[in-house]
Amino acid sequence: MAETHKLKDASIIELSSLVEQPGQLKSLQLLMQDIDKHYVHVDSLLVLIDAEQLNEAEAYAVNNLAPFYRRQQTHLINLSDEITASSRKYTAEFIPAVSNIVDGYAILLFLAAICTVWAGYTLGKAFKQLQRENNTLNAEIKDRKELQQALVESQEQYKQLFNSNPIPMWVYDQHTLRFLEVNEAAIKEYGYSREEFMQMTLRDIRPAEDLAKFDERMQSINKASNAASKRFFHQRKDGRKFKVELGSHALTVEAAIFPRLVVAVNVQEREEAMQQLKKSEKQLREISSSLPGAVFQYQMDHNYSFSFPFISDGVLPLCGVTPEEVYKNPVVLYHNLHPDDLIAVQESTLASYNKLTPWEAEFRVWQPEENKYKWVRGHSHPSSKGNGTVIWNGTFINISSLKETQEELESSKAHLRALLDSSPQAIYLLDEHRKIVAFNKVAECEVLTYSLTSLDKGLDILDLIDPIHREQFLDNHAKAMQGHSIQYEHGTGGLWHEVTFKPVYDAAGQIINITLSVHNKTEQKKAIENIKKNEAQLSKAQRIAKLGSWEYDLKKELLTMSRTLYDIFTIPYSDQVPSLLSLSTRFHPDDREDALKLIDRAIHAKEDLMYEHRIITKDGSIKYLSHITETVRDEDGNAIIIAGTAQDITDRKLTEQEVIEAKNLLQSTIENIPELIFSADTNLAITYISPQCHDITGYPEENFLGNKEAWIKMIHNEDQHTLLTEVLPKVLEGTQQQFELRIVNRNEQIKWVIFRLSPKKDEKGNVIRIDGAASDVSNYKETEAKRLKLTEQLLKQNQSLQQFAYIVSHNLRAPVANLLGLVSIYDRTNPLAPQNEQVVDNLVKSTQLLDSTIRDLNELLTIRSQVEAVHELVCFSELMENVLTALHAEIDQSEATITYDFDKAPCTLAIRSYVHSILYNLTQVAIINDEAIQVC
């Protein structure tokens, strides 16, 4: 580019040495100036392109470089035309001169021709150089256009990237804080349209309480640098607030605008999720700590290294180590395992890892404090996390008592057989042919009682069976010999028996005998029927009373509830009873913690409790429950069962709330109405009075309560007699009364008060209380007096206006009649007719007279509207001067002479505007009618 500039400068200098005409020199000088400026703009454009400021380069080329290029082309064309014209002119002048002196100046002519040829060659060379320069410039412009097109395409790509970005983004002016551009994500996030955004500033999306901090923050930001991410609260169009994380970048300055790009990330949901996660983790720890045993999470990697990401505090009583010790060194958990169980645990863990099958193991853990081993059962489910990592979630449970029970069970089998012999049931041992092999005492006694037959071994049991039931007996016996256990109930003659067939196996597992047990359940049946009847009655009573019962076995952690309680909680009745923990999820969130604390208190405190709380049913409605609990304890005083009743008291609570709300509403109404409300007994002693008594009387409420004399003394002396002798006796007889009287308040001011007294009667019709209300009507009384006075004034004013209308109607009719007559004689067909001029003059006079009359009307109406104006001392001479000044133009036009004399009555007491209007109208009428007027 520098070489091109040098070639162009050399061509211009060479061309300037050849031209001599002033016009050519001027065009060449303008061309050189434009070329110098062109160099500056080209360099500036290259700087912008090198800085990759493509938008600014495009605008700079269009606004600055293109105009210089057009002017440069114009100057080149003008200079070429001037040189061509000059050459032609010199040639035309030179040829005649040469013809005259050709003979004497042949040599000079030859030299001139050579100079002309040289000059033409030089000009041609210069024009070629300029043409090359022009081609270079055209190529440069073409490159600029291609660059401009690339800039436009790049700008479109950036704009699409900006608009389609899922994160809210915008560009704003750092001086005015106005939005310059927003993307679609910002429009969706904040709820404003693009047009609304363009009319807003950054302050409009900030909560009002944060604007001070926002202004401080904006002042601290360097407008030319990027801003670090910060978290702030923003506000949507609907007023909802949410937390955002902001990052901004300064953009290139354009036309005194300092744009900045902002990216806003909504972190509200993320933080809420984190809080919920922490809350869930806390709940998980609380639940796991309350569970028997220990809850754990076990992890093994591909290299078989293992760790415990989580283990609850229950590991300490089970394995003798704390969770912190396990986290630090997981191997410590295996130190106290029985040597015979350690290998089995490790092998089962590897098998579960390789096959991803549930891990189950029972092992013994040494307890130094108790000096014995505890049996622990471990159970967990594996899940693969990839890369050979497996995580187990499971539990460790102390099963020592279960193991001890199993051992005791094995050792007591013999004793159990003996106990069966002492069973209250009749038990028979039958062979495959139904022969009696053995029987117990109860069987012997029953056979003797009901069959009057002695029972012996070898007897066919069918001999003792009623023929009607023998077929059924044979069928059941055959099924029992096939390994089936049969049990059914049989009733005859009011007697009920439970019959059971069970196979007896030998050591090889072969059926050798059948046990037949017959249990007399007659009394039990009767008892069950009575219980069912009582339960039905109880259930019905509970449904009517909305009362349910429950029982919680602390050792078994088993919750039992009545059918009514299922209905109260709107839980489907089923065999699977909900746990206390799952049932507590129905407790109202605000009451759950307190209710569970009270249950825990019932466990530890030796007292019965009564408490209330709310529940949320399946359909979202809220119910109120009242609980009465009783704790059952063992011999050592430890709580084993908590029993209680729960009654649905929602209707009562809602009624109480309605009563409270109605009471509060009544109290609020009484305290906010302007009237004074009070109640008195039949002795006229005040029992209640509203706070408005201070506004009306100036005395506080305490001054009247129970004090009959205080409020009677406040009654005006002239009204006390009427109140005590006429009004109050009728009220005490049971008649409502309303009357007006005067009171003297604390500031010795007299107020008019309207009293309304209503007697309240008992069932016998005797008055037991007087309720009343008192309203301050002093303002009403004053307003009524003013209204009567105003009515009187309006009547007088209306009478005056009627008189005025009667008088003025005659004055208005005359000029209107004149106008109508003049219009009728106007010659419309010949506007130049002689009579038309006179008609027009009369029309003007009649119109002026009509205008004067209308102004008189307006003036008088104004005077009438000022009936209540203040009377003052009015001087006629002063007002006359004002009138003459106002009518100056009319007096000059009519050449009238105005004379007046007010010596006999120079002043009067009247309304100034009224007197001014009279003088004005009289003077105007005298001028119009050209006659003297005398006013007495």
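All figures in this text were calculated on a predicted structure; none of them were measured in a lab.

Student: Any chance you could explain the overall build of the protein chain here in plain terms?
Tutor: Helix and strand content of the protein chain: 28 helices and 27 strands. A total of 936 residues make up the protein chain; the buried ones form 33% of that total. When contacts within the protein chain are restricted to residue pairs at least 6 apart in sequence, long-range pairs at least 24 apart make up 48% of them. Summed over its atoms, the accessible surface of the protein chain is roughly 59,200 Å², and 54% of this surface lies on carbon and sulfur atoms.

Student: Just to check I follow, could you spell out the sheet that holds strand β12 (residues 436-439) for this structure?
Tutor: To summarise the sheet geometry, strands pair through backbone hydrogen bonds and adopt either a parallel or an antiparallel arrangement. The 5 strands lie next to each other as β12-β11-β15-β14-β13, forming an open sheet whose pairing is antiparallel. Among the strands making up the open sheet, the edge pair consists of β12 and β13 (486-492). The mean inter-strand angle of the sheet, taken between neighbouring strand axes irrespective of direction, is 25°. Alignment of strand β11 (residues 426-430) against strand β15 (residues 511-520), held across 5 bridges, turns out to be antiparallel. Its bridge partner being in β15, L430 is matched across the sheet by I514. Packing of helix α14 (residues 441-451) onto the sheet brings it into contact with β11, β12, β14 (495-505) and β15, and relative to β11 it is tilted by some 100°.

Student: Whenever I open this one, the pattern of salt bridges confuses me. Can you help?
Tutor: Opposite charge on two side chains permits pairing when their charged atoms draw close. On inspection of all chains with the given rule, the structure shows 22 salt bridges. Note that D341 is salt-bridged to R364, the shortest N-O span being 2.9 Å. You can see D341 sitting in helix α11 (residues 339-355) and its partner R364 sitting in strand β8 (residues 359-367), a full 23 residues away along the chain. For R364, a relative accessible area of 21% translates into the label partly exposed. The residue D771 makes a salt bridge to R769 at a minimum N-O spacing of 2.9 Å. One salt-bridge network, in which partners are shared between bridges, spans E612, R652, K653 and E656.

Student: I would appreciate a short explanation of the packing of aromatic side chains in the present structure.
Tutor: Counted according to the given criterion, the structure contains 23 aromatic pairs. Here the aromatic rings of Y190 and F242 are separated by 5.5 Å at their centres, their planes lie at 55°, and the arrangement is tilted. Pair noted here: Y190 is in helix α5 (residues 184-190) and F242 is in strand β4 (residues 241-250), with a separation of 52 residues, a long-range link. Taken together through their ring pairs, the aromatic side chains of F296, Y298, Y304, F306, F308, Y334, Y353, W359, F363, W392 and F396 make up a single cluster. The lysine or arginine in question, R236, covers the ring of F242, its NZ or CZ lying 4.0 Å from the ring centre. A cation over a ring is seen here: K403 above W375, with NZ or CZ 4.6 Å from the ring centre.

What counts, and where the lines are drawn
- Residues numbered from 1 in each chain as written.
- Predicted model: local features only at pLDDT ≥ 70, side-chain atom pairs only at ≥ 80, totals over all residues.
- Heavy atoms only, no water.
- Helix = DSSP H or I, 4+ residues; strand = E, 2+ residues; numbered from the N terminus.
- Buried < 20%, exposed > 50% of the residue type's maximum accessible area, 1.4 Å probe, protein only.
- Contact = heavy atoms within 4.5 Å.
- Areas by Shrake-Rupley, 256 points an atom, 1.4 Å probe, with all protein chains shown as cover.
- Pairing = 2+ DSSP bridges.
- Axes fitted to C-alpha atoms, helices over the stretch in contact; angles between N-to-C directions.
- Salt bridge = Lys/Arg side-chain N within 4 Å of Asp/Glu carboxyl O.
- Phe/Tyr/Trp six-rings, centres within 6.5 Å; stacked < 30°, edge-to-face > 60°.
- Lys NZ or Arg CZ within 6 Å of the ring centre and 35° of its normal.

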